[in-house]
Amino acid sequence: MHQHHQNGGVSRRRVLECMTWAGTGVLWTISGGVPRSLGLVGSAKAAEPAGLTFLQISDSHVGFDKPANPNAIGTLEEAIGKIKAMPIKPSFMIHTGDITHLSKTAEFDDAERIISQAKLDVHYVPGEHDFIDEEVKFYRERYGRGAKGAGWYSFDANGVHFIGLVNVVDLKAGGLGNLGAEQLEWLEDDLKGRSKSTPIVVFAHIPLWTVYPTWGWGTEDGARALDYLKGFGSVTVLNGHIHQVMQKVEGNVTFHTARSTAFPQPAPGTAPSPGPMKVADDKLRSLLGIASIDFKPGTERLAIIDTPLQG
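Residues numbered from 1 in each chain as written. Predicted model: local features only at pLDDT ≥ 70, side-chain atom pairs only at ≥ 80, totals over all residues. Heavy atoms only, no water.

### Here we look at the nonpolar core
Counting 51 residues, the largest nonpolar core has Ile80 and Met93 as its most contacted members. When neighbours within four sequence positions are excluded, Met93 is seen to be in contact with Leu55, Ile57, Ile80, Ile83, Ile115, Ala118, Leu120, Asp121, Val122 and His123. Grouped together as the second largest cluster of nonpolar side chains are 13 residues, Leu52, Phe155, Phe162 and Leu238 included. (Core = buried A, V, L, I, M, F, W, Y, C linked by side-chain atoms within 4.5 Å. Buried < 20%, exposed > 50% of the residue type's maximum accessible area, 1.4 Å probe, protein only. Contact = heavy atoms within 4.5 Å.)

### Quick notes on the sheet that holds strand β9 (residues 253–257)
Judged by pairing direction, the sheet is mixed, and its six strands sit side by side in the order β4-β5-β6-β7-β9-β8 without closing on themselves. Because the sheet does not close on itself, it has two edges, and the strands there are β4 (153–157) and β8 (246–250). Averaged over neighbouring strand pairs, the angle between their axes works out to 15° when direction is ignored. Sheet analysis places β4 next to strand β5 (residues 160–164), joined by five bridges and oriented antiparallel. Bridge assignment links Tyr153 to a residue of β5, and that residue is Gly164. Sitting on the sheet, helix α5 (residues 181–191) is in contact with β4, β5 and β6 (200–203), with an inclination near 170° to β5. (Pairing = 2+ DSSP bridges. Helix = DSSP H or I, 4+ residues; strand = E, 2+ residues; numbered from the N terminus. Axes fitted to C-alpha atoms, helices over the stretch in contact; angles between N-to-C directions.)

### A look at the confidence of the model for the protein
Of the residues in the protein, 77% have a pLDDT of 70 or more, and the chain-wide mean is 81. Predicted confidence in the protein is weakest over helix α1 (residues 12–20), with a mean pLDDT of 35, and strongest over α5, with 98. Predicted confidence is poor over residues 1–25, with pLDDT under 50, and the contacts of this stretch with residues over four places away or in other chains come to 72 contacts. Below pLDDT 50 for its whole length, residues 299–306 participates in 53 contacts with residues either more than four positions away or in separate chains. (pLDDT = per-residue confidence, 0-100.)

Structural data, given as structure tokens:
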């Protein structure tokens, strides 16, 4: 773990690279897209942000019990424990999919029981593992009410516009995610008339940028969605699915993928295929975690805080 303070000569990309390997649990402060790191979660009280703070959690895979992590419920509980212990109480939490491993009622029940202990409002988008049941009803009945189509929606909080997208419908094995014409049309309409100075946060399960197409780590029509966001000054795109922290900055858009609370996956191209990666038991928790993001309007800075379940 390390701490990095930006000075005038440090670029956004350098700050993002700095936080890549420190863990998970990322605190961001944004206005106008200029970043600054506030340090690690445990030391955040030295510079507590006063803006909107929210958490990202991803890929809980409740029900997974293979060697890569025989106790995925236990590590989810640890992640929620980290959230409860944070010195800054978040405004809400988003979950970027794969809540469950096999879309079973009992798995959704267990996830709800544990995640609710954080006592935060939670905004969900589905992962492909949440859409396995034959009628694809368990996720929709719990989390999709009031949403459009397969579960997309938007909301506003403290001057920030949040957009939850679904890119796991009709997912082919190893294939790229897709949004589809209906959702893209809705997105274009949702953004119409909004001030270009409005900070935008987009969250979906599969990355909207092409991380590694050979493994299906990307969204085939993601570029069309990003086209609609080009005119906005500050856009943050949050995803899960690949179970590791990766960043990319393209113009006004900052992409961030979160680690899982269940198991790690290999880095792109370092294994024959993606999937649960077995690591030494004493290393597992250093590869799992959560992310938190903070917006402080008017300060023109983005702060990043990064910690794993275990340092």
